[in-house]
Amino acid sequence: DPLTGVYNRRTLVGLAETAIATATHERTPLALLAIDIDHFKRVNDHLGHDAGDEALCGLVARLRESLRADQMLSRIGGEEFAILLPGCDETAAFIVGERLRKHVAQSPLSVHGRLLRLRISIGVAALSADAPDLRALLRNADHALYAAKRTGRNRVVARSALPRALDTFD
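The sections below set out a description of the structure shown in this document. (Residues numbered from 1 in each chain as written. Predicted model: local features only at pLDDT ≥ 70, side-chain atom pairs only at ≥ 80, totals over all residues. Heavy atoms only, no water.)

Mapped onto the elements of the fold, Glu26 is located in helix H1 (residues 9-26). Since its relative accessible area comes to 51%, Glu26 is described here as exposed. (Helix = DSSP H or I, 4+ residues; strand = E, 2+ residues; numbered from the N terminus. Buried < 20%, exposed > 50% of the residue type's maximum accessible area, 1.4 Å probe, protein only.)

With that out of the way, let us pick up the packing of H1 against helix H5 (residues 134-150). Where H1 contacts H5, the two axes come as close as 10 Å, and the packing angle between them is 110 degrees. When the axes of H1 and H5 are compared, the pair comes out roughly perpendicular. Contacts between H1 and H5 involve Arg9, Leu12, Val13, Ala16 and Ile20 from the former and Leu134, Leu137 and Leu138 from the latter. Within the contact of H1 with H5, the residues separate by chemical class into seven nonpolar, no polar and one charged. (Axes fitted to C-alpha atoms, helices over the stretch in contact; angles between N-to-C directions. Parallel < 35°, antiparallel > 145°, perpendicular 65-115°, else oblique. Contact = heavy atoms within 4.5 Å. Nonpolar A, V, L, I, M, F, W, Y, C, P; charged D, E, K, R; others polar.)

With that out of the way, let us pick up the pattern of salt bridges. When charged atoms on two side chains of opposite charge get close, those side chains can pair. Here the structure, examined in full by the defined rule, presents six salt bridges. Between Asp36 and Lys149 there is a salt bridge, and its shortest N-O distance comes to 2.6 Å. Highlighted residues: Asp36 in strand S2 (residues 30-37) and Lys149 in helix H5, separated in sequence by 113 residues. The class for Lys149 is buried, based on a relative accessible area of 14%. Note that Lys41 is salt-bridged to Asp45, the shortest N-O span being 2.6 Å. Here the residue Lys41 and the residue Asp45 both occupy positions in helix H2 (residues 40-47), the gap between them amounting to four residues, near one helical turn. Take Lys41 and Asp45: they sit in the same class, and that class is exposed. (Salt bridge = Lys/Arg side-chain N within 4 Å of Asp/Glu carboxyl O.)

Shown next as C-alpha cells:
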C-alpha cells in the first residue's frame, strides 16, 4: 500500500494462498483478523483527509508494534485492514486482537498537533473445514467484525461466537 507501507489486498491474496497451503499441508492453525477503525469518517470530516492519511499511518505503526514478524498486516480498503496469523488458532488470534485493540486505544496519535484516540473493531476467523480458503476466512472475519460494530464497537469478536444463521448473508 503506497500510503501506509503495508501489504495491499493483492499481495495479501498471494501470501494467504501460500500460508493456507502450508497450514493445510502441515496441519497447523492459521487465523485472520479483520480490522476497521471505528467512526473514521469523523476524522476525515473534522480534520481533513490529510489528517485521515496521517491517522492511518499512525494506526499502522501502532499495529506493527504489537505484531510478530510472521504476522502479515495488509490494508484491504480505506480504513480496513487484515492480519494473517500463521500458527494461531481462533483463541490465540482473539488474544492477539485484544492486545492490538487495547494498544491502539491506549496510544493516542498526534495528528496536526491534536491528540487523536482511535478505536478499532476486530473480527476473528480461523482456517477450518467451513473456512478452507482466503475468501471464506475473509467472509467469516467480516461477519465477526460487523458483529463487533453492531454490539458497541471497540471490541474483538470471534466468528465461533456468532450464530450459524449469519452464513446466509453471503
